[in-house]
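Given next are the chains, with one letter for each unit.
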Amino acid sequence: MFQKKLLTWYEEFGRKLPWRETNNPYYIWLSEIIMQQTRIEQGLAYYELFIKKYPTVEELADASEEDILKSWQGLGYYSRARNLHTAAQQIMDNYNGKFPDTYDGILALKGVGRYTAAAIASFAFGMAYPVIDGNVYRFISRLYGIYTPIGAEQAYKEFEKILMRLIDKEHPGQFNQAMMDFGSTWCKPTGYDCNNCIFNEECEAHQKGKVDLLPVKTKPTSIKKRYFYYFDIRWGCNEKYLLVKKRASGDIWQGLYDFPLYEPNSPIPEKRQKKQLLEILTSWFGDEPTIFELGPVYEHKLTHRTIIAHFIQAKYNDKPSKIPEKTQIIMESDVKTLPISRLIDRYLSKL
């Protein structure tokens, strides 16, 4: 009865999306990675870009990381793009370019977790593995009145057991899509309409007036603040030059480009900023600039940290006498051809 009600609802109200019209595991995989932590309206354009620019696993594997990061620019969570590239190379090396067709094989790909593996396995290969994302957790926790915190491993096993019983073994892909759509468009965090819900009679949370209490979430991670002081340094007359630096591994925005950066543990007091930053710039680049200005300040929020970014604008008549190690000189017109973070893009777009 649950399957029948859900799939009847999905047939009428399910979202029409291009990756639901194919069983190509490569396209489905691309859509799942792109759509993680991304709104469908935003992700759709990136999905279309990727299948056009990299129509096969081989072409994705052969592309440079820099090219893929540039194509990904604006989506955030750049580790997803790097993992996508690594996984494509895994498929070429370990499976002769053929997408793995077992759950364990899919799960072994870089950047693929249980949710994504279940989605690909069910959508592309018809295997009965339930997808468990935030929408499914919310729907099932309310339906069954489950108070186990959803961040815990215990919760995953508890929900998986229920969903293995509920899933339509004949149409697992359609069932999983229906579960996700019902959770995201009907059983929403707020703005839900329980009185007209097709499951309101059997919904434990609705019957007991506990809808607002479920799902139970683990305590959120504390947000750390970081203070970035970027030196935007330029020189030249007709053809202007500037300095950029590729971000190293082990930190945010790995492989993207930004400006030479000074990052203290705490913010520089406002009354000392100009003097202290001019001293730092002069010690790094050897000369005082002709023009030195404190530019705009941006607050940029990431999942577990907030970046307070100050942009310091410095102009020289000629190339500075010292160029720090790993800092690159490029033409001003070329900066937007490089993969850059949304923060740097915001700054450049306002100039």
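You'll find the structure just up there.
Anyway, here's the lowdown on the structure attached to this text. Predicted model, so just to flag it, every value in this text is computed and none were measured.

**Side note on the overall build of the protein**
Line of reasoning, step 1. Counting secondary structure elements, the protein contains 14 helices and seven strands.
Line of reasoning, step 2. Judged by the C-alpha coordinates and their principal axes, the protein covers about 75 × 50 × 30 Å.
Line of reasoning, step 3. Here the protein holds 351 residues, and the buried ones make up 46% of them.
Line of reasoning, step 4. With the model as given, the accessible surface of the protein reaches about 18,100 Å², and the carbon-plus-sulfur share is 49%.
Line of reasoning, step 5. Computed over 47 positive and 43 negative side-chain charges, the separation of the two mean positions in the protein equals 6 Å.

**A closer look at helix α3 (residues 40-53)**
Line of reasoning, step 1. With 14 residues, α3 ought to run about 20 Å at 1.5 Å a step, and its terminal C-alpha atoms sit 20 Å apart, in line with that.
Line of reasoning, step 2. Three or more residues of α3 are buried, namely Gly43, Tyr46, Tyr47 and Phe50. When α3 is viewed along its axis, its buried side chains cluster within an angular range of 110° and face the same direction. Set apart from the buried face of α3 by more than 90 degrees, the exposed residues are Glu41 and Lys52.
Line of reasoning, step 3. Elements that come into contact with the buried residues of α3 comprise α2 (25-35), α4 (57-62), α5 (65-72) and α6 (79-95).

**Description of unusual backbone geometry**
Excluding glycine, residues mostly have negative phi values, and the peptide bonds linking residues are mostly trans.
Line of reasoning, step 1. A cis amide bond links leucine 214 to the next residue, proline 215, at an omega of 0°.
Line of reasoning, step 2. Its location among the elements puts proline 215 in the loop between α12 (204-207) and β1 (224-235).
Line of reasoning, step 3. Phi is positive for asparagine 96, close to 55°, though the residue is something other than glycine.
Line of reasoning, step 4. Here asparagine 96 shows up in the loop between α6 and α7 (103-107).
Line of reasoning, step 5. Relative accessible area serves as the criterion here: at 74%, asparagine 96 is assigned to the exposed category.

**Notes on helix α10 (residues 153-166)**
Line of reasoning, step 1. The end-to-end C-alpha distance of α10 is 20 Å, a good match for the 20 Å that 14 residues give at a rise of 1.5 Å each.
Line of reasoning, step 2. When α10 is considered as a whole, its buried residues turn out to be Ala155, Tyr156, Phe159, Ile162, Leu163 and Leu166. Buried residues along α10 cover an arc of 135° about the axis, so they all sit on one side. Seen from the buried face of α10, the exposed residues on the opposite side, beyond 90 degrees, are Gln154, Lys157, Lys161 and Arg165.
Line of reasoning, step 3. For α10, the secondary structure elements touched by its buried residues are α1 (2-13), α8 (114-125), α9 (134-144) and α11 (172-185).

**Considerations on the environment of leucine 69**
Line of reasoning, step 1. Along the chain, leucine 69 turns up in helix α5.
Line of reasoning, step 2. Using a relative accessible area of 1% as the deciding quantity, one classes leucine 69 as buried.
Line of reasoning, step 3. Sequence separation of leucine 69 and lysine 274 is 205 residues, and the distance between their C-alpha atoms is 34 Å.
Line of reasoning, step 4. Ignoring any residue separated from it by four or fewer positions in sequence, one finds leucine 69 in contact with Tyr78, Ala81, Arg82, Gln254, Gly255, Leu256 and Pro339.

Criteria and cut-off values
Residues numbered from 1 in each chain as written. Predicted model: local features only at pLDDT ≥ 70, side-chain atom pairs only at ≥ 80, totals over all residues. Heavy atoms only, no water. Helix = DSSP H or I, 4+ residues; strand = E, 2+ residues; numbered from the N terminus. Buried < 20%, exposed > 50% of the residue type's maximum accessible area, 1.4 Å probe, protein only. Areas by Shrake-Rupley, 256 points an atom, 1.4 Å probe, with all protein chains shown as cover. Lys, Arg positive; Asp, Glu negative; His and termini not counted. Charge placed at Lys NZ, Arg CZ, Asp CG, Glu CD. Expected span 1.5 Å × (residues − 1). Arc of directions from axis to C-beta. Contact = heavy atoms within 4.5 Å.

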